[in-house]
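# Analysis of the macromolecular model
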Amino acid sequence: SPDSSEGTTPELEKAGLLNKTKIAEGGRKLRKNWTPSWVVLVGNSLVFFKDPKSQTPSSWKPGNSRPESSVDLRGAKLHWANDLSSKKNVFRLRTVTGNEFLLQSETDSVIREWYSTIQSVIDRLDRE
Ligand code: I3S
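One structure accompanies this document, and this report is about it. (Residues numbered from 1 in each chain as written. Predicted model: local features only at pLDDT ≥ 70, side-chain atom pairs only at ≥ 80, totals over all residues. Heavy atoms only, no water.)

### Here we look at unusual backbone geometry
Here is the rule we go by: Relative accessibility decides the category of a residue: with a 1.4 Å probe and only protein chains considered, values under 20% of the type maximum give buried, values over 50% give exposed, and everything between is partly exposed.
Of note, Asn89 is a non-glycine position whose phi angle comes to about 60 degrees, a positive value. Overall, the relative accessible area of 14% leaves Asn89 in the buried class.

Printed below as a string of structure tokens:
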């Protein structure tokens, strides 16, 4: 179909504002630096943008703004991680390359939706 995720336009699964900090790079621990981030789940990737105010789910298109960083979800692991922060609603995402991020929202339903949507992409990639 024209809307298939096959081809050149990756499927936009979800987009929104989360608090983010990177805690490891290639397995090496980093100092936390929590910042609000516009997070876009598209195709097999989680993409992070600065300047959340300039982004909305309806206006976001692949390629129309420069991402701060991007995470390949293939082989990634997701875990609730309330032990890793004093904040509530925190999960940890670890990539196969040993990059680790904490993502957080003050809103329970928001973080639960992100967790289950990212996990479903990881599961889909595991089955491929
Ligand atoms: O895991 P930590 O070290 O308690 O994380 C806190 C610190 O990164 C802190 O910054 P300083 O390195 O300047 O102390 C941050 O302000 C806190 O937000 C971090 O803890 P939380 O519990 O918010 O993840």
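What follows picks up the thread again.
### A word on the pattern of salt bridges
To be explicit about the condition: Any carboxyl oxygen of Asp or Glu within 4 Å of a side-chain nitrogen of Lys or Arg constitutes a salt bridge here. A run of DSSP states H or I qualifies as a helix once it reaches four residues; a run of E qualifies as a strand once it reaches two. Both are numbered from the N-terminal end.
One pass over the full model with this rule turns up eight salt bridges. Taking the shortest distance from any N to any O, the salt bridge between Lys14 and Glu113 comes out at 3.3 Å. Placement of the pair is Lys14 in strand β1 (residues 12-25) and Glu113 in helix α1 (residues 108-127), with a sequence separation of 99 residues. When the shortest N-O distance is used, the salt bridge between Glu100 and Arg92 registers 3.1 Å. Residues participating in the shared-partner salt-bridge network are Glu13, Arg74, Arg124 and Glu128.

### Structural notes on the packing of aromatic side chains
Short version of the rule: Ring geometry is summarised as follows: Phe, Tyr and Trp rings, the Trp one being its six-membered ring, pair when their centres sit within 6.5 Å, and such pairs are stacked at plane angles under 30 degrees, edge-to-face over 60 and tilted between the two. Note on geometry: a ring has a charge over it if NZ (lysine) or CZ (arginine) is within 6 Å of the ring centre and within 35 degrees of the ring normal.
If you walk through the whole model with that rule in mind, you get four aromatic pairs. Ring centres of Trp80 and Phe91 lie 5.8 Å apart, and the angle between their planes is 80 degrees; this geometry places the pair in the edge-to-face category. With Trp80 in strand β6 (residues 77-80) and Phe91 in strand β7 (residues 90-94), the pair connects residues that are 11 residues apart, well separated along the chain. Owing to a relative accessible area of 38%, Trp80 belongs among the partly exposed residues under this scheme. For Phe91, a relative accessible area of 0% translates into the label buried. One aromatic cluster is present, formed by Trp80, Phe91 and Tyr115 through successive ring pairs. A cation sits over an aromatic face here: Lys14 above Trp114, 5.2 Å from the ring centre. Above the plane of the ring of Phe48 lies Lys20, whose end atom (NZ or CZ) is 4.4 Å from the centre.

By themselves these figures say nothing about function.
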